[in-house]
Amino acid sequence: MEEIQGVLDEYFSAWNEGFKSKDGEGIRGFMSRDFAGYWAHSEIKKPDSYGYDYDLDAVLRQMDDARKSFETVSITTRKEGVECLVLGRETNLIQGVPYSAECMFVWRKEQDGWKLVREYIELER
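Since this is a predicted model, take the numbers as computed values, not measurements.

Participant: Break down the overall build of the protein for me, with residues and values.
Facilitator: From N to C terminus, the protein includes three helices and six strands. If you list the helices and strands of the protein from N to C, you get α-α-β-β-α-β-β-β-β. The C-alpha atoms of the protein give a radius of gyration of 14 Å, which matches the 14 Å a tight globule of 125 residues would have. In terms of overall dimensions, the protein has C-alpha extents of about 40 × 30 × 25 Å along its principal axes. Looking at the protein as a whole, 42% of its 125 residues are labelled buried. Sequence separation of at least 24 residues holds for 51% of the intrachain contacts in the protein that already meet a minimum separation of 6. Roughly 7,400 Å² of accessible area belongs to the protein as shown, and the carbon and sulfur atoms make up 47% of that amount. Of note, the protein has its 17 positive side-chain charges centred 3 Å away from the centre of its 25 negative side-chain charges.

Participant: Requested: an account of the pattern of salt bridges, with residues and values cited.
Facilitator: Counted by the stated rule, this structure contains 12 salt bridges. Residues Glu90 and Lys68 are paired through a salt bridge, measuring 2.9 Å at the closest nitrogen-oxygen approach. Residue Glu90 is found in strand 4 (residues 83-94), and its partner Lys68 is found in strand 3 (residues 66-78); the two are separated by 22 residues along the sequence. For the pair Glu90 and Lys68, a shared accessibility class is recorded, and that class is buried. The salt bridge partner of Glu83 is Lys79, with a shortest N-O separation of 3.7 Å. Here the salt bridges share partners, and the residues they tie into one network are Asp34, Arg108 and Glu110.

Participant: I'd love a proper account of the side chain of Glu119, names of residues and values included.
Facilitator: The residue Glu119 is located in strand 6 (residues 113-123) in this model. Among buried charged residues, Glu119 stands out as having no salt bridge; its nearest opposite-charge side chain is Lys68, 7.2 Å away. Setting aside residues no more than four positions away along its own chain, Glu119 makes contact with Tyr11, Phe35, Ala36, Gly37, Tyr38, Tyr50, Met104 and Phe105.

Participant: Describe the packing of aromatic side chains, naming the residues involved and giving the relevant values.
Facilitator: Inspection of every chain in the model, using the stated rule, returns 12 aromatic pairs. Ring geometry for Tyr11 against Phe105: centres 6.4 Å apart, planes inclined by 75 degrees, an arrangement best described as edge-to-face. One end of the pair, Tyr11, is in helix 1 (residues 2-21); the other, Phe105, is in strand 5 (residues 97-110), with 94 residues separating them in the sequence. For Tyr11, a relative accessible area of 3% gives the class buried. Taking relative accessible area as the criterion, Phe105 reaches 1% and is therefore assigned buried.

Participant: Explain the nonpolar core to me, using residue names and the numbers behind them.
Facilitator: Among the nonpolar cores identified, the biggest contains 32 residues, and Ile4, Tyr11, Trp15, Val86, Phe105 and Trp107 are the most heavily contacted of them. Only helix 1, strand 1 (31-40), helix 3 (56-61), strand 3, strand 4, strand 5 and strand 6 provide two or more residues apiece to this core. Broken down by element, this core gets its largest block of residues, eight residues, from helix 1. Excluding residues within four positions of it along the chain, Trp15 makes contact with Ile27, Tyr54, Leu56, Leu60 and Lys68.

Participant: Now, about the sheet that holds strand 6: what can you tell me, with residues and values included?
Facilitator: With respect to topology, six strands assemble into an open sheet ordered 2-1-6-5-4-3, the strand pairing being mixed. Unpaired on one side and paired on the other, strand 2 (48-51) and strand 3 mark the two borders of the sheet. If you compare each strand with its neighbour and ignore which way they point, the axes differ by 20 degrees on average. Each of strand 3, strand 4, strand 5 and strand 6 touches helix 1; the most contacted strand, strand 3, lies at about 160 degrees to it.

Analysis parameters
Residues numbered from 1 in each chain as written. Predicted model: local features only at pLDDT ≥ 70, side-chain atom pairs only at ≥ 80, totals over all residues. Heavy atoms only, no water. Helix = DSSP H or I, 4+ residues; strand = E, 2+ residues; numbered from the N terminus. Rg over C-alpha atoms; globule rule 2.2 N^0.38 Å. Buried < 20%, exposed > 50% of the residue type's maximum accessible area, 1.4 Å probe, protein only. Contact = heavy atoms within 4.5 Å. Areas by Shrake-Rupley, 256 points an atom, 1.4 Å probe, with all protein chains shown as cover. Lys, Arg positive; Asp, Glu negative; His and termini not counted. Charge placed at Lys NZ, Arg CZ, Asp CG, Glu CD. Salt bridge = Lys/Arg side-chain N within 4 Å of Asp/Glu carboxyl O. Phe/Tyr/Trp six-rings, centres within 6.5 Å; stacked < 30°, edge-to-face > 60°. Core = buried A, V, L, I, M, F, W, Y, C linked by side-chain atoms within 4.5 Å. Pairing = 2+ DSSP bridges. Axes fitted to C-alpha atoms, helices over the stretch in contact; angles between N-to-C directions.

Right under this line is the structure:
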């Protein structure tokens, strides 16, 4: 559990570096080639989906004065420790305004380390 918590800390640090540099490669380095993401909020009937090749740089360019933080609620190992299911709360502070979301991440141990396979993000609105 401590190992995946360290990966989470590094992942969110990569996001914060990306907000400064506007370069998403540090973030993408944590993603599996099999990555699938889903993002929604109460006004959306069907979640938006995105994959490994989505334009992270465009997302980062939209965010000035931004910072992410994450509070882990639970970590569940599965598949004999090869996967971890992480539940938690992400907060994006954008120009001083907090935007919180409930999140579920699926991380998988691949040849080159822990990689994010799926994320489900439900923005609180």
